[in-house]
Amino acid sequence: MDRAGMADFLRRRRESLQPEDVGLPRGRRRRTAGLRREEVATICHLSADYYSRLERERGPHPSEQMVASIAQGLRLSLDERDHLFRLAGHRPPPRGGTGEHLSPGLLRILDRLTDTPAEVVTELGETLRQTPTAVALTGDLTRFTGPARSIGYRWFTDPACRALYHPDDHHLHSRVFAAGLRRAVALRGPGSRAAHLQRLLLESNEEFRAVWDEHEVGVEFDDGKRFLHPELGLLELSCQRLLDPDQSHVLLVYTAAPGSPAQEKLRRLGDRQNI
């Protein structure tokens with residue numbers, strides 16, 4: 001571990017950021033050139049004392065999970081993240097389909113979608129980050145662990161997952177998730193997490209086996225999705241997709257047609273987050 005190099009790198013990255021860069025309010029009285037150490041600790045889910053010791057070349061050796069959290073909180077690029085891991089004495093995580101580090105660009109967009117349902121998902125449909133309005137619409141999808149992190153796996157194993165969508169669209173969802181998993185297995189290989197999900201579903205789920213046996217590829221949703229909210233009922237939304245090719249992450253943004261009933265319902269969902 002290069003304590004001096006890590007401390008200097010963290011300090012310079014902290015001083016280069018402003019509160020609005022990471023979704024924090026600026027406040028009226030501010031003399032710090034960049035973010036405060038306490039603010040960095042908050043967005044990185046660390047104690048302020050622990051983070052301060054890292055910048056002072058003290059404290060215990062940070063774990064890989066802690067370094068990843070700091071890299072994400074400081075909005076580091078992939079190259080900067082890898083550099084931080086090496087300074088901390090760790091091998092950088094893999095990039096691509098298995099990577100979970102969100103690019104600064106995606107995070108900046110997500111931070112500004114405060115009143116819009118949006119989420120960042122992996123190629124396996126694992127939700128990495130949601131806006132507050134997205135949580136109000138679908139619940140906290142980042143809480144799942146293990147295979148259930150993948151919405152495709154939950155679709156075939158958890159009835160509560162299907163309850164969020166209009167019944168007439170269920171068969172299309174099954175086809176899309178099976179085709180997406182088939183693409184990921186072919187891309188990542190037999191030892192991948194995608195192949196592990198495939199084996200689990202083939203062993204346990206009859207519907208998945210039937211859809212999988214159709215060998216469909218390239219099945220996609222159209223621009224619209226119909227959600228069923230437990231309190232607000234049906235919301236017909238459009239879905240826009242923004243791809244980060246370096247990490248195979250997709251930003252999904254859900255919007256409603258102007259003047260539609262869904263637009264009013266989205267407004268009510270957004271208002272709830274501000275109460």
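Residues numbered from 1 in each chain as written. Predicted model: local features only at pLDDT ≥ 70, side-chain atom pairs only at ≥ 80, totals over all residues. Heavy atoms only, no water.

Here we take up the packing of helix 10 (residues 170-188) against helix 11 (residues 193-204). Where helix 10 meets helix 11, the closest approach of the two axes is 8 Å, and the angle between their N-to-C directions is 130°. Relative to helix 11, the element helix 10 lies oblique. Handedness of the crossing formed by helix 10 with helix 11: left-handed. Of the residues in helix 11, those in contact with L181, A184 and V185 of helix 10 are A194, A195, L197, Q198 and L201. The residue inventory of the contact of helix 10 with helix 11, partitioned by class, reads seven nonpolar, one polar and no charged. (Axes fitted to C-alpha atoms, helices over the stretch in contact; angles between N-to-C directions. Helix = DSSP H or I, 4+ residues; strand = E, 2+ residues; numbered from the N terminus. Parallel < 35°, antiparallel > 145°, perpendicular 65-115°, else oblique. Left-handed = near helix turned anticlockwise from the far one by under 90°. Contact = heavy atoms within 4.5 Å. Nonpolar A, V, L, I, M, F, W, Y, C, P; charged D, E, K, R; others polar.)

The subject of this paragraph is helix 3 (residues 48-55). Residues of helix 3 that are buried: Y50, Y51, S52, L54 and E55. Residues of helix 3 that are buried make contact with helix 1 (3-15), helix 2 (37-44) and helix 4 (64-73). Among the residues trailing helix 3, E57 stands out with phi positive, at a value near 65°. (Buried < 20%, exposed > 50% of the residue type's maximum accessible area, 1.4 Å probe, protein only.)

With that settled, consider the pairing of strand 1 (residues 118-121). Looking along a regular strand, one sees side chains alternate from face to face of the sheet. What you see with strand 1 is no split at all: A118 and V120 on one side and E119 and V121 on the other are buried throughout. Examined bridge by bridge, strand 1 and strand 2 (residues 127-130) share three bridges and lie antiparallel to one another. Its bridge partner lying in strand 2, V121 is registered against T127. Count of turn residues in the strand 1/strand 2 antiparallel hairpin: five residues, of which G125 carries a positive phi of about 75°. (Pairing = 2+ DSSP bridges.)

Before going further, it helps to examine the confidence of the model for the protein chain. The predicted model of the protein chain averages 90 in pLDDT, with 96% of residues at 70 or higher. Predicted confidence in the protein chain is weakest over helix 13 (residues 261-273), with a mean pLDDT of 85, and strongest over helix 8 (residues 151-157), with 97. (pLDDT = per-residue confidence, 0-100.)

Read across the sheet, five strands follow the order 2-1-5-4-3 without closing on themselves; strand pairing throughout is antiparallel. Looking at strand neighbours, the two that pair on one side only are strand 2 and strand 3 (224-229), the edges of this open sheet. Sheet twist, expressed as the average angle between the axes of neighbouring strands with direction ignored, equals 30°. Direction of pairing for strand 4 (residues 233-244) relative to strand 5 (residues 249-255): antiparallel, over a ladder of seven bridges. In the sheet register, D244 faces strand 5, and the bridge partner there is H249.

Turning next to the state of the cysteines. Under the defined criterion, the tally for this structure stands at zero disulfides. As a non-bridged cysteine, C161 has C239 as the owner of its nearest cysteine sulfur, 15 Å distant. (Disulfide = S-S within 2.5 Å.)

For the structure shown, the criterion picks out seven aromatic pairs. Taking the centre distance of 6.0 Å and the plane angle of 75° together, the rings of F177 and F221 count as edge-to-face. Pair noted here: F177 is in helix 10 and F221 is in the loop between helix 12 (206-212) and strand 3, with a separation of 44 residues, a long-range link. According to the relative accessible area criterion, F221 is partly exposed, its value standing at 23%. An aromatic cluster is built from W155, Y165, F177, F221, F227 and Y254, whose rings are joined through pairwise contacts. Taking the ring centre of W212 as reference, the NZ or CZ of R182 above it sits at 3.9 Å. In this arrangement the basic side chain of K225 is found over the ring face of F221, its NZ or CZ atom lying 4.5 Å from the centre. (Phe/Tyr/Trp six-rings, centres within 6.5 Å; stacked < 30°, edge-to-face > 60°. Lys NZ or Arg CZ within 6 Å of the ring centre and 35° of its normal.)

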